[in-house]
Amino acid sequence: MSGRFEAVIAAIDRANSADPTLEAETREPAALVYGRRMSGELDRICPDASEHLRIAARGQHIERWKLPRSAYPDSREGYHAWRKAQALAHGARVAELMIAAGYCEADGARVAQMLRKEGIKRDPEVQMLEDVICLVFLRWYFADFAARHDHEKIFGIVAKTARKLSAKGRARVAAEFDLPPELAPALAV
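Thresholds, definitions, all that
Residues numbered from 1 in each chain as written. Predicted model: local features only at pLDDT ≥ 70, side-chain atom pairs only at ≥ 80, totals over all residues. Heavy atoms only, no water. Salt bridge = Lys/Arg side-chain N within 4 Å of Asp/Glu carboxyl O. Helix = DSSP H or I, 4+ residues; strand = E, 2+ residues; numbered from the N terminus. Buried < 20%, exposed > 50% of the residue type's maximum accessible area, 1.4 Å probe, protein only. Axes fitted to C-alpha atoms, helices over the stretch in contact; angles between N-to-C directions. Contact = heavy atoms within 4.5 Å. Nonpolar A, V, L, I, M, F, W, Y, C, P; charged D, E, K, R; others polar. Core = buried A, V, L, I, M, F, W, Y, C linked by side-chain atoms within 4.5 Å.

*Asks:* Even after reading the chapter, I still don't get the pattern of salt bridges, so can you show me in this structure?
*Replies:* When the charged atoms of two side chains with opposite charge come close together, those side chains can pair. According to the stated counting rule, one finds 16 salt bridges in the structure shown. Across the salt bridge formed by Arg-37 and Glu-23, the nearest N and O atoms sit 3.2 Å from each other. Residue Arg-37 is found in helix H2 (residues 30-45), and its partner Glu-23 is found in the loop between helix H1 (3-16) and H2; the two are separated by 14 residues along the sequence. You can call Arg-37 buried: its relative accessible area is 9%. Linking Glu-96 and Arg-93 is a salt bridge whose minimum nitrogen-to-oxygen distance equals 2.7 Å. With Glu-96 and Arg-93 both in helix H4 (residues 76-100) and 3 residues apart, the pair spans about one turn of that helix. Counted as one network, the salt bridges with shared partners bring together Glu-41, Arg-44, Arg-139, Arg-172 and Glu-176.

Structure, rendered in structure tokens:
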């Protein structure tokens, strides 16, 4: 990878090191841990990923704490507005860091487009990013999430996650994760 790639990854990590929320297991800033997990999962399932995709994966939740969920209404519409605002903020921030590291505006715009998930199901890199997001969620965050919610909500979350995944991603989930039998039908899209 190029020197500018290393510089932008380091800049993302520095930004995420300021997350005041610590990850329970590692006691490190949660956004920093999440970014590393995203990079690790991408390396595992797509070792030939482009620099753009690698940057998007690492910056997926850059400075997420700066726009708290509580700043939006506690409703489905509020949740979607928050998610959209996060995607815009993440894309803009990562593009800014890329330009500062020596990438051109078009490179920053491409990664921002990936972080906004424009082209999901049509753009292979955007879809790969979504698959990585879903796999990281299932591998690292699903158990805690499931412990706090009832079965119906969990089934719905698994079904929504399955719809976001590519066919290869769903096959990977079925092969790699020991989902309870009652959740297996949620993977059928």
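Next, the rest of the story.
*Asks:* What should I look at first to understand the packing of H2 against helix H3 (residues 51-58) in this one?
*Replies:* For any two helices packed against each other, the geometry comes down to the angle between their axes and how far apart the axes lie. With their axes 7 Å apart at the nearest point, H2 and H3 run at an angle of 145° to one another. Touching Gly-35, Arg-36, Met-38, Ser-39, Leu-42 and Asp-43 of H2 are Leu-53, Arg-54, Ala-57 and Arg-58, all from H3. Tallied by class, the residues present in the contact of H2 with H3 amount to 4 nonpolar, 2 polar and 4 charged.

*Asks:* When you look at the nonpolar core in this model, what are you seeing that I'm missing?
*Replies:* Grouped burial of nonpolar side chains is what soluble globular proteins tend to show. If you look at the biggest cluster of nonpolar residues, it comprises 47 residues, and the most contacted ones within it are Ile-55 and Leu-129. If one sorts the elements of this core by residue count, helix H6 (residues 124-147) sits on top with 10 residues. With near-sequence residues (within four places) excluded, Leu-129 lies in contact with Met-38, Leu-53, Ala-56, Ala-57, Gln-60, Met-114 and Leu-115.

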